[in-house]
Amino acid sequence: MSAPASIPLPRLSDAVLPVLPAAVARPAYDRGKVTAGIVHLGVGAFHRAHQAVFADDALGRGETGWGIVAASLRSAATRDALAPQDCLYTFALRDGSSRPALRVIGSIKRIIVAPEEPEVLIAALAAPQTRIVTLTITEKGYGFDIAAGRLDGGDPAIRADLGTEGPPVSALGFLFEGLRRRRAEGAPPVTLIPCDNLPKNGETLRKALTEFSRRKEPALADWIGDNVAFASSMVDRIVPGTTDADREAIDAALGARDAWPVVAEPAFDWIVEDRFPRGRPPFEASGVRFVADVEPYEHMKLRLLNGAHTAIAALGRLAGFETVPEAVGHPLVRRFLERLWDESEATLRIDPQVSAEYRGKLLPRFANPALPHKTAQIATDASLKVPQRLLEPLRARLAAGQAADALVFVVALWIRSCGGVDDAGKPFSVNDPGYERWPGKPEAGAGAAATVEAFLRFPAVFGDDLPRNTAFAVALRDALGDIMRLGALGALAERVGA
Ligand code: CS2
């Protein structure tokens with residue numbers, strides 16, 4: 001007798017919601033009555049584990065105007081996974097101790113793949129009921145050279161959009177077209193909220209979009225000044241990429257097939273500048289905080305959490321730690337992170353109790369065994385991350401005449417990791433288009449002095465001040481020399497004691 005064929009699981013969908021296991025939370029509101037007040041650009045896992053969850057909370061509390069129209073600027077993968085399941089997906093909270101809490105999120109009404117339907121995205125951005133546009137497009141999505149304070153002239157998508165009247169390809173190009181139509185149609189003001197790990201992200205987006213518009217249609221740049229609010233926001237939640245093992249476990253618990261669930265830690269923060277001329281969703285009921293100035297929180301998070309992440313990522317690539325929990329399982333790494341945090345925390349302008357509490361939670365967050373966050377994922381686009389996470393606190397310390405050995409060491413780890421060969425001689429891929437585009441890379445096999453000299457001429461990373469600081473150059477060369485000689489962990493052991 002042959003074994004019975006297994007019965008295929010039904011696909012997650014509105015129709016399946018009523019028969020999911022009782023422990024799985026799901027929308028209790030009528031999704032058909034929800035209208036879209038939010039357009040989101042960049043419908044990756046982060047958005048789906050963060051803003052879309054708060055919108056779902058608001059809908060669950062009886063609001064109906066805060067559904068989301070989400071757009072992918074490039075890939076069709078998320079739309080292809082979620083459209084057949086009515087844009088529903090599972091959000092799994094993993095705290096490492098118990099079984100994940102599962103919840104089906106219903107706030108996304110539609111997913112647009114921008115290259116396929118540019119007009120639909122422009123129309124959504126221009127729709128009068130759109131009151132908020134949120135963005136998670138990663139650091140490079142802004143096409144802005146932060147060190148120079150202007151558009152990144154080398155960014156291919158920005159160049160293409162500045163040079164043509166055809167359908168846009170970049171986020172700035174879509175925002176420009178959407179706002180151009182809002183002006184033409186007399187649509188009311190709107191708030192743009194960037195949710196990426198950039199310093200002053202609202203201000204950065206304002207500068208980028210204003211310069212972009214000024215180059216294409218100066219009158220629109222003036223209109224934007226009067227009709228568009230830019231709210232900086234600090235976002236925080238660790239959301240590793242979904243794995244096949246996650247999918248299988250979640251399908252089994254749901255009794256339904258979800259092509260793209262997301263998994264995340266319970267901790268989160270969304271601190272947003274309160275600039276909403278046309279009202280905003282009552283997100284504070286979910287724990288979102290609206291403040292006048294987000295900068296102190298942003299510095300705390302970028303310098304403590306993300307700075308440590310970038311350190312762990314470079315170290316992981318070089319020393320062979322595949323995940324963050326694995327890296328922080330090593331006592332030397334933990335000891336080093338405390339040093340790094342001592343240096344960075346002292347540069348913050350925030351109530352010391354707030355930063356101490358935040359810092360105190362980081363190691364347990366990083367060690368969460370249920371979230372094997374890949375160091376390779378965090379190492380992506382590192383040249384766009386190092387400045388705000390490490391060089392800003394480093395500058396602050398140098399200016400105050402304070403030592404910055406741990407920060408310098410992390411910059412040296414990053415430089416070493418750009419070589420794409422680990423300490424055992426095994427190659428790995430460096431996924432950083434900003435670095436790849438930079439023409440001044442050192443020769444393969446160059447020593448520490450020549451490598452540092454070359455890197456200091458990478459203006460988008462080091463600006464024009466750090467290359468003139470001889471003490472910094474010498475410290476960087478010595479740290480890199482140690483890493484080349486002893487390997488990343490060996491050099492680390494020299495610093496924090498074996
Ligand atoms: C990480 C962040 O990939 C990265 O660069 O540092 O995505 C980090 O996990 C989040 O900012 C946490 O809030």
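The rules we used
Residues numbered from 1 in each chain as written. Predicted model: local features only at pLDDT ≥ 70, side-chain atom pairs only at ≥ 80, totals over all residues. Heavy atoms only, no water. Helix = DSSP H or I, 4+ residues; strand = E, 2+ residues; numbered from the N terminus. Rg over C-alpha atoms; globule rule 2.2 N^0.38 Å. Buried < 20%, exposed > 50% of the residue type's maximum accessible area, 1.4 Å probe, protein only. Contact = heavy atoms within 4.5 Å. Polar contact = N/O pair within 3.5 Å; in protein donor to acceptor, adjacent residues only side chain to side chain. Phe/Tyr/Trp six-rings, centres within 6.5 Å; stacked < 30°, edge-to-face > 60°. Lys NZ or Arg CZ within 6 Å of the ring centre and 35° of its normal. Pairing = 2+ DSSP bridges. Axes fitted to C-alpha atoms, helices over the stretch in contact; angles between N-to-C directions. Expected span 1.5 Å × (residues − 1). Domains from an automatic or database assignment. Buried area = accessible area lost by both parts, 1.4 Å probe. Salt bridge = Lys/Arg side-chain N within 4 Å of Asp/Glu carboxyl O. Core = buried A, V, L, I, M, F, W, Y, C linked by side-chain atoms within 4.5 Å. Near = heavy atom within 4 Å. Areas by Shrake-Rupley, 256 points an atom, 1.4 Å probe, with all protein chains shown as cover. Nonpolar A, V, L, I, M, F, W, Y, C, P; charged D, E, K, R; others polar.

Attention now moves to the overall build of the protein. Each helix and strand in the protein was counted, giving 20 helices and 14 strands. A compact globule built from 498 residues would reach a C-alpha radius of gyration of about 23 Å, and the protein, at 23 Å, matches this within 12%. Dimensions of the protein, computed from C-alpha atoms along their principal axes, come out at roughly 75 × 65 × 45 Å. Looking at the protein as a whole, 56% of its 498 residues qualify as buried. Sequence separation of at least 24 residues holds for 77% of the intrachain contacts in the protein that already meet a minimum separation of 6.

Mapping Asp80 onto the fold places it in helix α3 (residues 77-82). The spatial distance from the C-alpha of Asp80 to the C-alpha of Asp422 is 36 Å, given a sequence separation of 342 residues. Within the structure, Asp80 has its side chain in polar contact with the side chain of Arg79 (distance 2.8 Å).

The next thing to look at is the packing of aromatic side chains. Applying the stated criterion across every chain yields a total of 16 aromatic pairs. Seen in terms of ring centroids, Tyr435 and Trp438 are 6.0 Å apart; in terms of plane orientation they differ by 45°. Their pairing is tilted. Both residues of the pair, Tyr435 and Trp438, count as buried. With relative accessibility at 8%, the residue Tyr435 sits in the buried group. The positively charged end of Lys441 is found above the aromatic ring belonging to Tyr435, 5.2 Å away from the centroid.

Before going further, it helps to examine the sheet that holds strand β4 (residues 101-105). A sheet is described by the order of its strands in space; here 3 strands give the open sequence β4-β3-β12, paired in mixed fashion. Both outer strands of the open sheet, β4 and β12 (262-264), are each paired with one neighbouring strand and no more. Geometrically, the sheet is characterised by an average inter-axis angle of 25° between neighbouring strands, direction not taken into account. Relative to β12, strand β3 (residues 89-93) is paired through 3 bridges, and the arrangement is parallel. What sits directly across from Ala92, in β12, is Val263. Relative to β4, helix α2 (residues 51-60) is tilted by about 75°, and along the sheet it contacts β3 and β4. Where helix α9 (residues 244-254) meets the sheet, its contacts fall on β3, β4 and β12, and the angle it forms with β4 comes to roughly 85°.

To continue, consider unusual backbone geometry. Even without being a glycine, Lys200 presents a positive backbone phi close to 45°. Note on placement: Lys200 falls in the loop between β9 (190-194) and α7 (201-216). Its relative accessible area of 43% is what places Lys200 among the partly exposed residues.

Now for helix α15 (residues 386-399). With 14 residues, α15 should reach 20 Å at 1.5 Å per residue; the first-to-last C-alpha distance of 18 Å fits that figure. For α15, the complete set of buried residues consists of Val386, Pro387, Gln388, Arg389, Leu390, Leu391, Pro393, Leu394 and Arg397. Within two residues after α15, Gly401 carries a phi angle of roughly 70°, on the positive side.

Relative to the helices and strands, Asp152 resides in the loop between β8 (150-151) and α5 (156-163). Residue Asp152 is classed as buried on the basis of its relative accessible area, which comes to 19%. Here the side chain of Asp152 touches Arg437 through a polar contact of 3.1 Å, side chain to side chain. Once residues lying within four places of it in the same chain are set aside, the contact partners of Asp152 are Gly143, Phe144, Asp145, Ile158 and Arg437.

Along its sequence, the protein is organised into domain 1 (17-292) and domain 2 (296-496). Averaged C-alpha coordinates put domain 1 and domain 2 at centres separated by 29 Å. Listed by partner, the interface residues are 32 residues for domain 1 and 26 residues for domain 2. The junction of domain 1 with domain 2 conceals about 2,200 Å² of combined surface from both sides, 58% of it contributed by carbon and sulfur atoms. Counting the contacts that link domain 1 with domain 2 gives 5 salt bridges.

Leu340, Trp414 and Phe462 are the most contacted members of the largest nonpolar core, which totals 81 residues. In terms of residue count, the dominant contributor to this core is helix α20 (residues 470-496) (11 residues). When we break this core down by domain, the ones giving at least three residues each are domain 1 (17-292) and domain 2 (296-496). Apart from residues lying up to four places away in sequence, Phe462 is in contact with Leu391, Arg395, Val411, Trp414, Ile415, Phe455, Leu456, Pro467 and Phe472. Judged by nonpolar contacts, the second largest core, of 37 residues, contains Leu73, Ala114, Val133 and Val190.

Next up on the list: the site of the ligand. Lining the immediate surroundings of the ligand are Asn197, Val235, Asp236, Arg237, Lys301, Leu305, Asn306, His309, His373, Ile378, Lys385 and Arg389. Between Asn197 and the ligand, the recorded distance is 3.0 Å, taken from a side-chain N or O atom to an oxygen atom. Residue Asn306 places a side-chain N or O atom 3.0 Å away from an oxygen atom belonging to the ligand. Within the complex, 88% of the 340 Å² of free accessible area of the ligand lies under protein. Elements supplying a minimum of two residues to the shell around the ligand: β11 (233-236) and α10 (295-319). Of the residues in the shell around the ligand, the class split is 3 nonpolar, 4 polar and 5 charged. Of the domains in this structure, domain 1 (17-292) and domain 2 (296-496) are the two that each give at least three residues to the shell around the ligand.

Below, the discussion takes up the pairing of β11. Burial of β11 is two-sided: the residues Ser233 and Val235 facing one way and the residues Met234 and Asp236 facing the other way are all buried. As judged from the 4 bridges shared by β11 and strand β13 (residues 269-273), these two strands associate in the antiparallel manner. When the sheet's bridge partners are listed, Asp236 is paired in β13 with Asp269.

The next point concerns α7. Taking 1.5 Å of rise per residue, 16 residues should cover 22 Å, and α7 covers 22 Å from first to last C-alpha, within 8% of that figure. All of the buried residues in α7 are Asn201, Gly202, Thr204, Leu205, Ala208, Leu209, Thr210, Phe212, Ser213 and Lys216.

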